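Close look at the chain arrangement
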Amino acid sequence: MNAPRVTVVMGTRPEIIKLAPVLLALEALGVEQDVVFTGQHYDPELTEVFFRGCGLRPPATVLEGVGGADRVDQITASIAQLSLRMRAQRPGAVVVQGDTNSANAGAQAAHYLGVPVVHVEAGLRSNDRAMPEEVNRLLIGALADVHCCATAANAENLLRAGTPARAVHVTGNPIVEATRRALPGPVQQSRFLRDVGVEQDGYVLATVHRPENTDDPQRLRDLLGALGDLGLPVLLPLHPRTRARLEGFGLAVPAAVRLHEPVGHTEFLSLAAGSRLVVSDSGGVQEEVTVLGKPLVVVRNSTERPEAVDAGFSVLTSAAGVREAAASLLRPEHLAALATRPSPFGDGRAGLRIAALTLAAALPPAGSVPAPAPAPAAAARAVPV
Ligand code: UDP
C-alpha cells in the first residue's frame, strides 16, 4: 500500500474540535493516521469524551509529563517524546493546528526530522508578542511547509513575511464545518438550555481563560464586575485555569453571574445559539459566533481574528467597554443582519482541502513505489474555494 501515514499532533480542546474535520477527510481518502495527544490540557477521561463527541476515536498516544508543566517544559517534553514516536512511525507528513505549545512542539519535531509540516489555521497575527500564542504562531510559520489559511488576510500576513506563495493556501477554517456538524437540532438545543436552567434569548454566555484576563486579580475583578452589570443573567462555564485563579485570589462573583463546569462542544454551541449575547476572550468562539450568526463582545487587548470584527459579529474592548459594546451589538436591526450574514472563515469545506493538501505534500512510505503526486496547489484546486 502506497498511501502515506500522517501524524496529527494536538493537545487542547480547540485543536480536537478543529482537526476533527481534517481527520475525517483524511480517513475518507484512505490515509492512515497516527493521532498523538500531548495532554497539554485536560485529564485523559475528559479527552476521551471530547474525541468521541467530535466523532473521533480516542488518540493512539497520549504523551506524559506535559499537562500542568510550564511553557518550556511542555514544549521540550513534547518534542522529546514526539521525535521518538516520529522516528519509529516515519510519517509522511505532520499536521498541527493553531498556536498552542503542542502545535509548536509538533512542528519543531517534524521539521528537525525532515518531515513536511502542514499548519492548519496559518497566518493569524495579533502583533502582540506578549501573547505566548503569537510567538508559537511565528515559530510554526517559520517551520511549516504547507500553510492552510482561513482567510485571504491570513495568507497576506504570511506573504508579507516572505513565505513562498506556492506554500500558502486559502482553505477556510474547519471550525465552520465542525460547528455545523456539532450544533444539534432545535429540540436538543432547548433540552440543553432547560437542563442548565436558562431561557432562550434571556441570558449571556461567557467564557474567560486568557492569561491577560485571569492572571491579574484587578483585571479579573473588573471583568466579573462588567459581566455582573449587563442586566441579564450570565452563564460562565469555567475553564480550569480561571477557576484556579478565582479561588487563588479569593474573588467574589456577582450575583448575576452563574459559574458552571465546562460543557461539551455540542452543549456549548447550543448555549451560544440560545443566548442573547456572548462575551468571551476565546479564539475559537470568535469564529463560531460567525457561523451561528450571534453577537460577541471580545474582552482582550488585541485580536488575531479581525475578520469577525470587520463583518460586524464582534466588538473588541476592555472590561470597561463591555456594556457599551453590548448595547451596540444588540440593536435589533444589527441582530437581524447578523443572523443571515455568511461567516468570513470559510464555506465548510476546509477539512477536505486541507486533507488534499496534506496528501499531496506527504512523503511516500519508505520502500514504496513513488507515484507522481499533484502539486499542492493543484490538489487544493481540486476542492474549489
Ligand atoms: N468550548 C466548549 N466547552 C466550554 C467552553 C468552550 O466546548 O465549556 C469550546 C468552544 O466551542 C470552542 C473552544 O472550546 O470551540 C474554544 O476553546 P478555548 O476558548 O479554550 O480556546 P481558544 O479557542 O481560545 O484557543
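Up top you'll find the structure we're talking about.
Computed from a predicted structure; not experimentally measured.

1. Overview of empty space enclosed by the protein
In this structure the tally under the stated criterion is one cavity of 30 Å³ or more. Surrounding the largest cavity, F268, L269, A272, V278, V285, E288, V289 and L292 form its lining. Taken together, the elements giving at least two residues each to the lining of the largest cavity come down to α12 (265-274) and α13 (283-292). Here the lining of the largest cavity is built from residues that sort into seven nonpolar, no polar and one charged.

2. Overview of the site of the ligand
Residues in contact with the ligand amount to 17 residues; listed here are only the nearest, V263, S282, G283, G284 and E288. Note that an oxygen atom of the ligand is positioned 3.0 Å from one of the side-chain N or O atoms of R210. Against a free-state accessible area of 540 Å², the protein chains account for coverage of 94% of the ligand. Placement of the ligand is best described as lying within the largest pocket. Put simply, the parts of the chain that give the shell around the ligand at least two residues each are α1 (13-28), α12 and α13. Grouping the constituent residues of the shell around the ligand by class yields seven nonpolar, seven polar and three charged.

3. Section: the packing of helix α8 (residues 186-196) against α12
Between α8 and α12, the shortest axis-to-axis distance is 9 Å and the interhelical angle comes to 90°. Our classification of the angle between α8 and α12 gives roughly perpendicular. Across the interface between the two elements, Q188, Q189, F192, L193 and V196 from α8 touch T266, E267, S270, L271, A273 and G274 from α12. The residue makeup of the contact of α8 with α12, split by class, is five nonpolar, five polar and one charged.

4. A short note on unusual backbone geometry
Phi at R90 is positive, roughly 50°, even though this residue is not glycine. Its place among the elements puts R90 in the loop between α3 (71-89) and β4 (93-97). Given a relative accessible area of 60%, R90 falls into the exposed group. Located in the positive-phi region is E121, a residue other than glycine, with phi close to 70°. With respect to the helices, strands and loops of the structure, E121 is situated in strand β5 (residues 117-122). By relative accessible area, E121 is classed as buried at 6%.

5. Regarding the layout of surface pockets
Each pocket or cavity is described by its volume, and for the largest pocket that value is around 1000 Å³. P14, H41, H209, R210 and H239 are the residues nearest the centre of the largest pocket, which is lined by 47 residues in total. Secondary-structure elements contributing two or more residues to the lining of the largest pocket are α1, α3, α5 (132-143), α11 (240-249), α12 and α13. No other element matches α1, which puts five residues into the lining of the largest pocket. Residues of the lining of the largest pocket, tallied by class, amount to 16 nonpolar, 17 polar and 14 charged.

What counts as what
Residues numbered from 1 in each chain as written. Predicted model: local features only at pLDDT ≥ 70, side-chain atom pairs only at ≥ 80, totals over all residues. Heavy atoms only, no water. 1 Å grid on protein atoms, 1.4 Å probe; cavity = no way out; pocket = protein on both sides within 12 Å on 5 of 7 lines; lining within 4 Å. Points joined across faces, edges and corners; volume = space filled by probe spheres on them. Helix = DSSP H or I, 4+ residues; strand = E, 2+ residues; numbered from the N terminus. Nonpolar A, V, L, I, M, F, W, Y, C, P; charged D, E, K, R; others polar. Near = heavy atom within 4 Å. Polar contact = N/O pair within 3.5 Å; in protein donor to acceptor, adjacent residues only side chain to side chain. Areas by Shrake-Rupley, 256 points an atom, 1.4 Å probe, with all protein chains shown as cover. Sits in = over half its atoms within 2 Å of the grid points. Axes fitted to C-alpha atoms, helices over the stretch in contact; angles between N-to-C directions. Parallel < 35°, antiparallel > 145°, perpendicular 65-115°, else oblique. Contact = heavy atoms within 4.5 Å. Buried < 20%, exposed > 50% of the residue type's maximum accessible area, 1.4 Å probe, protein only.

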